[in-house]
There are 2 protein chains.
Amino acid sequence: MTAPFRIAIAGLGTVGIGLVRILQTHPEMIAARAGRPVEIAAVSARSKDKDRGADLSAYAWEDDPVALAKRPDIDLFVEVMGGHEGAAREATEAALKAGHHVVTANKALLAHHGNAIAAAAEEAGVALRFEAAVAGGIPVIKALTEGLAGNEIRRVLGVMNGTCNYILTKMEETGQGYNALFEECARLGYLEADPNLDVGGIDAGHKLSLLAAIAFGTAVDFDAVELEGIQSITLEDIRQAADMGYKIKLLGVAQMTGRGLEQRMSPCLVPDTSPLGQLDGGTNMVVIEGDAVGQIVLRGAGAGAGPTASAVLGDIIDVARGFRLPAFGQPAASLRKVRAARAAVPAPYYLRMALADKPGALAKIAACLGEAGISIDRMRQYGHQEGVAPVLIVTHKTTRSALDEAVAAFSDTGVLEGTPVAIRIENV
Amino acid sequence: MTAPFRIAIAGLGTVGIGLVRILQTHPEMIAARAGRPVEIAAVSARSKDKDRGADLSAYAWEDDPVALAKRPDIDLFVEVMGGHEGAAREATEAALKAGHHVVTANKALLAHHGNAIAAAAEEAGVALRFEAAVAGGIPVIKALTEGLAGNEIRRVLGVMNGTCNYILTKMEETGQGYNALFEECARLGYLEADPNLDVGGIDAGHKLSLLAAIAFGTAVDFDAVELEGIQSITLEDIRQAADMGYKIKLLGVAQMTGRGLEQRMSPCLVPDTSPLGQLDGGTNMVVIEGDAVGQIVLRGAGAGAGPTASAVLGDIIDVARGFRLPAFGQPAASLRKVRAARAAVPAPYYLRMALADKPGALAKIAACLGEAGISIDRMRQYGHQEGVAPVLIVTHKTTRSALDEAVAAFSDTGVLEGTPVAIRIENV
C-alpha cells in the first residue's frame, strides 16, 4: 500500500458531512479501490463549535478556507461550500495555485468561471473534477468524457433540478397550484436561499452549460443559456398537457446546430410514456444521444448528502488512482468558442392564452399565426368566463423566432387578455 | 501530440467493422480526446476476401488472430471474435503475454476464465477492459468501478438480454405465443448460433457474473449463477401478471447476503410502473443500488454495431489516456471467493398450476403451502377445462427453498397436472 492520499474539505454542510461519514464508514473499501488510503487531513467551515453529528476531532481545523486550500500537507482540496464568488472561488484558485488537485460540487462557480479555472488547473498540472456539480449522484460527466468518448454527441437533455420536478409532479398529483407548492418546498428546505436559482431554472442552467461544454468541446458559456423558469406554469397547463399525452418538465437541451450551439433550460411538454415523462418527484435524469451509441438514459438522485458525496468521492478516488483528464475532457485552450443559436431546431409548440369576448377574436389570432408561417395542429376554445375565453393551440413544427413574431403580433389585435404562455413540445 | 496509439482488431463482424467505421469517421475527435491519435495497425478475420463494406486496405492482415495478438507493432489488442474457448481465448492470452493491453467484448470468455485472464493482465502490467461485454453501449462497468467507487454496493439488477426482452414485450403487445416469437427472432437474426444462450438466460448470466464480481469485489463465479430461461413463460402468465400490475422480465439480480453471494438470472414479475417494468423491446437496463447514492438506473442499447463499438472505443481511449485499473476494479488476487447463496432473500412468488377435477384439490395444494410455512396473498381458480382447473396463487414473502419444498409436496397430492410455474416477484 502506497502513501495515504490526503484531502481537505471546505464546507461542512450536508454534503461535506456526508463525505466525512462515508470516509469514516468505509476506509478499507475505499483504500482497496483507490489503491491507497484516503485520509482527511483538515477541514474548515463557518463555525467550529456547531454540532454536526460527526466526530471531526482527528482533523486539523482552519477557520479560513483559503488557508485550508494552501496547506502543504494535502494532496486534494474539496470545495463544498457553494457560491460562485467570494470564499469558494478564492479557495479554489488558491488550492490550484498551491499545486493541489480540486474536486468541487459548485456548478455556479464553474458555470461562471469554469474556463479560467480549468486553465489554471492545467497550468498547475493538477486535476479539477466536478461530477457532483451536475445531476448529483449520477455519474454523467464520467459517462460523457470517458465511457462515451468514442461518440460525436448529438444532443444532451435532462431534468436536472429536483425541486422543480417535485413541484410540477405534485401539481399534477394533488391539484395544488404552483404557489402552494412553492411554499411547501420553502418549508421543507428544498429551495436555495435565493429560490429563483431553482424555480427560475438558473441552477439547472448552470448544470446544462457544463454538460454542453463537455459534450461539444466548447468553452463554457452560461450567459448563452436561454433560461425560463416554471413560475408561470398553471394547473390548467398541466391538465391540458396530460389530456394530450404529455407531461410538463423543466427540461434542459443542448445541441450543436448548423447555426451554433443551442442551450436552453425551459419548461417543455414531453410524451408521458418517455423516460423523461415518467420521471416523478425529485429524481434527475440525463439523456445522452451519440452517433454510435444511440440514446443512453441515466437516472438517479440529483441532490442530498449521500448522492452528492458519492459523486465527490468517485472523483477523489479517480484522482488518487492517478487518472488525469482535462476538466472538460480536452485541454481548456482547445475548447471552441462558438456562436449561440437561439432555439434553432423547429418544434411544435403549445400555446395558451385568454381572448376578449369580441367577434372574430379567434380569427385574428389564427391570422397572426398564419402570417408568421405557423400552421395549427389542434385548437380548442372554451366557454367565456367573465368576458374572457381560454384558448389552447398546438402548432405544427415551427421555430421559436416565428412563434415570437406571432405572439408579438397578438398584442396588436386588441383581443388578447394578459400574456400568452408558449411551451415547446419536445418529442424525446 | 504524442506518438499514435496502435491497435489490432481480431474479428471483423458487426462490432469489428463498427469500430473500424468510427475510427475512420472521427480520427481528429478521438485524437483530441485520447490525447494522441488512435490508429488501426492490423486486423484479422476468418476470410480475407469477404466484402465487409469498409476499406481495410491500409491495415496489415493476419489470417491467424494469435499471430495478430503477438505483433510487436501494436499497443492494444481488440478481441471481438466471440466464443469462450479456442481462438478468442488463445489470442487474448497471447496478447497479454506479449505485453499488449486487451479490450474485449467477450462476456462468455470472461465469465469462464475472467479470474485467470485478469491475473495474467496484472502480471503483464497491462490493462484488460471489457465495457462492451455487459449491456452493450451502457457504460455500466465504468459507473460501478469508477463513478460509484465510493459506495458499498447493495444490489445490482438488470435486463441484459435484448432478445428475451423483445420476445416478452412482443408476447404482451401482439398476443403471439413464445414459439412464434422465437421463430421470428431466428428469422431476424436476433438469436445466437446456440439460441439457448439467449432464451436460456446464459448470455445474460455471463454478464451478471461479471457485474457481481465488480460490484462486490468477488472472484467471477459464473457456475454459481442460478439460471432460468424464458422458455416456459406463457401468454397466460403475461396476461395474469399484467392484470395484477406487473410485467415479466428476464431479470438478473446480484446481492451480497448474510449467507453468501446471491446471483440469479430468471424471469421475474416487476411492477409495471417501475423503470424496469417500462423497458420495452430490445433495450437493456441496469439498476445499481449503493449505500450512499441510492438507486442509479442506466438504460441504453444492449447490442448492435454502434453501441458495442462505442463501448469498445471508450475502453481504448481510456487506455490510450493512460488510465490503469485492475480489470475488476481491484487486484485479481484480492477478489474474494465467497459462498453462493441460492435466492436467500425472501420474496413473494407467483404460482401457476393446473389441478385435476377432484374434490378437495385446492385444499390439498393450500395445505402443502401452509406446511412449508407459506401464506397466500391472493388465489384464483378458473373454470374446469377438459377436467383440469387452472389455478393462480400469489404468496406472501417466502424463500425459494420453502417454495421448492411446497412444490415438491404438490406432486404427492395426486391432484396436480403437469409442472407448476413459479415466478419470483421483485418489487424494484
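Residues numbered from 1 in each chain as written. Chains lettered and ligands numbered in written order. Predicted model: local features only at pLDDT ≥ 70, side-chain atom pairs only at ≥ 80, totals over all residues. Heavy atoms only, no water.

## Examining the sheet that holds strand β3 (residues 60-62) of chain A
All names here are of chain A. The parallel open sheet is built from six strands, whose spatial order is β3-β2-β1-β4-β5-β6. Bordering the open sheet on either side are β3 and β6 (128-129), each of which pairs with just one other strand. Taken strand by strand, helix α1 (residues 14-25) contacts β1 (5-10), β2 (38-44) and β4 (76-79), and its axis lies near 155 degrees from that of β1. (Pairing = 2+ DSSP bridges. Helix = DSSP H or I, 4+ residues; strand = E, 2+ residues; numbered from the N terminus. Contact = heavy atoms within 4.5 Å. Axes fitted to C-alpha atoms, helices over the stretch in contact; angles between N-to-C directions.)

## Comments concerning the packing of aromatic side chains
Counting across every chain of the model gives seven aromatic pairs over all chains. Geometrically, the ring pair formed by A:Tyr178 and A:Phe182 is tilted, given 6.0 Å between the ring centres and 35 degrees between the ring planes. Note that A:Tyr178 and A:Phe182 are positioned in helix α8 (residues 178-188) at a spacing of four residues, about one turn of the helix. By the burial criterion, A:Tyr178 is buried, and A:Phe182 matches it. With 5.2 Å between their ring centres and 85 degrees between their planes, B:Tyr166 and B:Tyr190 make a pair best called edge-to-face. Of this pair, B:Tyr166 sits in helix α7 (residues 162-174) while B:Tyr190 is found in the loop between α8 (178-188) and α9 (196-199), placing the two residues 24 residues apart along the sequence. (Phe/Tyr/Trp six-rings, centres within 6.5 Å; stacked < 30°, edge-to-face > 60°. Buried < 20%, exposed > 50% of the residue type's maximum accessible area, 1.4 Å probe, protein only.)

## Observations regarding the pairing of strand β14 (residues 376-381) of chain A
Residues and elements named next belong to chain A. Pairing between β14 and strand β15 (residues 388-395): five bridges, direction antiparallel. The partner of Arg378 across the bridge, within β15, is Val394. The hairpin turn running from β14 into β15, its antiparallel successor, is six residues long, and Glu386 in that turn takes a positive phi close to 50 degrees.

## Concerning the relation of the copies chain B and chain A
Note: a rotation about an axis with an accompanying shift along it relates these two copies of the chain. Between the two copies, chain B and chain A, the superposition gives an RMSD of 0.1 Å; the rotation angle is 180 degrees and the shift along the axis is 0.0 Å. Taken together, the rotation angle and the small translation identify this as a two-fold axis. Residue B:Leu298 of chain B places its C-alpha closer to the rotation axis than any other residue of that unit, at 2.4 Å. Comparing contact sets, 100% of the residues at the interface of chain B also lie at the interface in chain A, consistent with an isologous, same-surface contact. (Least-squares fit on C-alpha atoms with pLDDT ≥ 70 in both.)

## Regarding the interface of chain B and chain A
At the interface, 44 residues of chain B touch 44 residues of chain A. For the pairing of chain B and chain A, the buried interface totals around 3,600 Å² over both sides, and the portion due to carbon and sulfur atoms is 56%. Together, B:Arg33, B:Arg299 and B:Phe323 form the three largest contributors to the area buried by chain B at its contact with chain A, with a combined 16%. Summed over the shared surface of chain B and chain A, the number is two salt bridges. The closest approach of N and O atoms between B:Lys142 and A:Glu146, which form a salt bridge, is 2.6 Å. Across the chain B-chain A interface, the total number found is 14 residue pairs in polar contact (both at pLDDT 80 or more). Within the residue set of the side of chain B that touches chain A, elements represented by two or more residues are α2 (27-34), α6 (140-147), β12 (294-301) and α12 (305-321) of chain B. (Buried area = accessible area lost by both parts, 1.4 Å probe. Salt bridge = Lys/Arg side-chain N within 4 Å of Asp/Glu carboxyl O. Polar contact = N/O pair within 3.5 Å; in protein donor to acceptor, adjacent residues only side chain to side chain.)

## A word on the confidence of the model for chain A
Model confidence for chain A is summarised by a mean pLDDT of 94, while 100% of its residues fall at 70 or above. Under the prediction, the complex receives an ipTM of 0.94, its pTM being 0.95. (pLDDT = per-residue confidence, 0-100.)

## Re the sheet that holds strand β6 (residues 128-129) of chain B
Residue and element names in this part refer to chain B. If you trace the six strands from one edge of the open sheet to the other, you get β3-β2-β1-β4-β5-β6, paired in parallel fashion. This sheet does not close on itself; its edge strands, each paired only once, are β3 (60-62) and β6. Docked against the sheet, helix α1 (residues 14-25) engages β1 (5-10), β2 (38-44) and β4 (76-79), running at close to 155 degrees with respect to β1.

## Quick word on the pairing of strand β11 (residues 283-290) of chain B
Residues and elements named next belong to chain B. When you tally the buried positions in β11, you get seven out of eight residues, the bulk of the element. Where strand β7 (residues 153-159) meets β11, six bridges bridge the pair, whose relative direction is antiparallel. Looking across to β11, one finds that Arg155 is bridged to Glu289. Note that β11 and β12 share eight bridges and pair antiparallel. Counterpart to Gly290 in the pairing with β12 is Gly294.

## Re the environment of A:Thr308
Residues and elements named next belong to chain A. If you trace the backbone, Thr308 turns up in helix α12 (residues 305-321). Taking the relative accessible area as the measure of exposure, Thr308 reaches 8% and is therefore buried. Along the chain, Thr308 and Met29 lie 279 residues apart, while their C-alpha atoms are 19 Å from each other. Dropping the residues within four chain positions of it, Thr308 is found in contact with Val15, Ala105, Ala132 and Ala303. In terms of polar contacts, Thr308 uses its side chain to reach the backbone carbonyl oxygen of Gly304, at 2.7 Å.

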